[in-house]
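Fold and geometry: a report
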Amino acid sequence: FTVIGVMAPKGQVFGIDFDDLVIIPVASAMEVFNRPGVMEIHVTYNPDVPVDSVVSSVRRLLMSRHDREDFTITTQKESLSTLDSVLNMLTFAVAALGAVSIVVGAIGILTIMIIAVAERTSEIGLLKALGATHSQVMALFIAEAGLVAFLGGLGGIMLAFLASRGMAIWFAALPVKTSWPYVLLAEVVSVLVGVIAGVVPARNAARMEPVQALRAE
C-alpha cells in the first residue's frame, strides 16, 4: 500500500489506541483477510442533517442491496444511551456495596464501643466521682468512636490506593486515577458514621451512677 495521509492523534479510549490504526480500502481488506463481506460500517454525515433522515437513507440503501433487512442500524445517541445505562448500573452496584460497607462498619464500631464501655465501667465511675459531667463522658466516648472510624477509614483508603496503583501497573491502558476530593469525602463519611455509631454507647456510659459503676469489676 501507498501511504497517502496520516490522521491527527486521537489517543486512547477504554484501552483502545486510536493512533494505532491503518485504514485501507474495503475491497483490498476483504481480499487480504479473505473475508466474504464486512461486519460493520461507520457512517459520517453532516451534523446539520437530522439523524432520522440519515438512518432512513442508510436503511433504504442497504435494503436495495440486500433485498431484506438483515442488519441493525445503531446511532451514536443510542450507543451513548446504552453506555450510560451500563455505567448507571455499575454506579448503583458500587453505591450498594458502599452502603453495605457503611452499615457493617457502623455495627462493628457500635460493638467495639459497647464492649469498651462494659470493660471500663469502674473507670467511668471514677471519672464521674471526680466530677466529670454527663456531656464530658459522652464526648470522651464519642471522640474515641470517631478515632476508631478515622483509623479504619485511613486503612481502607491506603488499601484502595495500593489496589489502584496495582491496576495502573498491570493494566496500563486502563485509565485509573485517584480522585482526592472523593478520598477526603470518604474519610469524612467514615468519621461521621463512627461518631453516630458511638452515640448510644457513650450515652449509656454517661448515664451510669458513680457508686454502682465503682462497684463493678
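Residues numbered from 1 in each chain as written. Predicted model: local features only at pLDDT ≥ 70, side-chain atom pairs only at ≥ 80, totals over all residues. Heavy atoms only, no water.

1. Focus: the overall build of the protein chain
Helices and strands together make up the secondary structure of the protein chain, namely 8 helices and 2 strands. Reading the protein chain from its N terminus to its C terminus gives the helix and strand order β-β-α-α-α-α-α-α-α-α. Taken over C-alpha atoms, the radius of gyration comes to 32 Å for the protein chain, far larger than the 17 Å a tight globule of 217 residues would show. On the principal axes, the C-alpha backbone points of the protein chain span a range of 95 × 35 × 30 Å. Here the protein chain, with 217 residues, has 16% of them falling under the buried criterion. In the protein chain, 66% of the contacts between residues at least 6 apart in sequence involve partners at least 24 apart. Carbon together with sulfur atoms contributes 67% to the accessible area of the protein chain, which is approximately 16,800 Å² in total. Between the averaged position of the 14 positive side-chain charges in the protein chain and that of its 18 negative side-chain charges there is a distance of 6 Å. (Helix = DSSP H or I, 4+ residues; strand = E, 2+ residues; numbered from the N terminus. Rg over C-alpha atoms; globule rule 2.2 N^0.38 Å. Buried < 20%, exposed > 50% of the residue type's maximum accessible area, 1.4 Å probe, protein only. Contact = heavy atoms within 4.5 Å. Areas by Shrake-Rupley, 256 points an atom, 1.4 Å probe, with all protein chains shown as cover. Lys, Arg positive; Asp, Glu negative; His and termini not counted. Charge placed at Lys NZ, Arg CZ, Asp CG, Glu CD.)

2. A closer look at a nonpolar patch on the surface
Together, V26, V38, I41, V43, Y45, V49 and V51 make up a nonpolar patch on the protein surface, roughly 580 Å² of accessible area in all. Examined against the element boundaries, Y45 turns out to sit in the loop between helix 1 (26-32) and helix 2 (51-66). (Patch = residues over 30% accessible without salt bridge, like charges linked within 9 Å, V, L, I, M, F, W, Y side chains within 5 Å. Salt bridge = Lys/Arg side-chain N within 4 Å of Asp/Glu carboxyl O.)

3. Let's talk about unusual backbone geometry
The backbone phi angle of N34 is positive, close to 55 degrees, even though this residue is not glycine. In this structure, N34 sits in the loop between helix 1 and helix 2. Positive phi, normally seen in glycine, also occurs at D67, with a value near 65 degrees. Inspection of the secondary structure assignment puts D67 in the loop between helix 2 and helix 3 (76-119). When its relative accessible area of 68% is taken as the criterion, D67 is described as exposed.

4. Looking at the confidence of the model for the protein chain
Residues with a pLDDT of 70 or more make up 96% of the protein chain, whose mean pLDDT is 87. Per-element mean pLDDT across the protein chain ranges from 73 in strand 1 (residues 12-13) up to 91 in helix 2. (pLDDT = per-residue confidence, 0-100.)

5. Quick notes on the nonpolar core
Judged by nonpolar contacts, the single largest core of 15 residues is most densely connected at I109, V117, I124, V137, F141 and A205. Taken together, the elements giving at least two residues each to this core come down to helix 3, helix 5 (134-170) and helix 7 (199-206). With 5 residues, the top contributor of residues to this core is helix 5. The contact partners of V117, leaving out residues within four places of it in the chain, are I124, F141, P201, A205 and M208. (Core = buried A, V, L, I, M, F, W, Y, C linked by side-chain atoms within 4.5 Å.)

6. Focus: the side chain of T121
Looking at the element boundaries, T121 is found in helix 4 (residues 121-129). For T121, a relative accessible area of 14% corresponds to the buried category. In this structure the side chain of T121 is engaged in a polar contact, spanning 3.0 Å, whose partner is the backbone oxygen of A118. (Polar contact = N/O pair within 3.5 Å; in protein donor to acceptor, adjacent residues only side chain to side chain.)

7. Points about the side chain of S190
Inspection of the secondary structure assignment puts S190 in helix 6 (residues 180-197). Judged by its relative accessible area of 19%, S190 falls in the buried class. Sequence-distant contacts of S190, defined by excluding residues within four places in its chain, comprise A149 and G153.

8. Some words on the pattern of salt bridges
Per the stated rule, a full pass over the model turns up 4 salt bridges. When the shortest N-O distance is used, the salt bridge between R68 and D70 registers 3.8 Å. Accessibility expressed as a relative area gives 54% for R68, which makes it exposed. One network of salt bridges, with partners in common, ties together R120, E123 and E144.

9. Some points on the environment of T178
Structurally, the position occupied by T178 is in the loop between helix 5 and helix 6. Residue classification places T178 among the partly exposed residues on the basis of a relative accessible area of 25%. Each C-alpha atom of the pair T178 and S135 lies 39 Å from the other, and the pair is 43 residues apart in sequence. If we ignore the near neighbours within four places in the chain, the residues touching T178 are F161, S164, R165 and V183.

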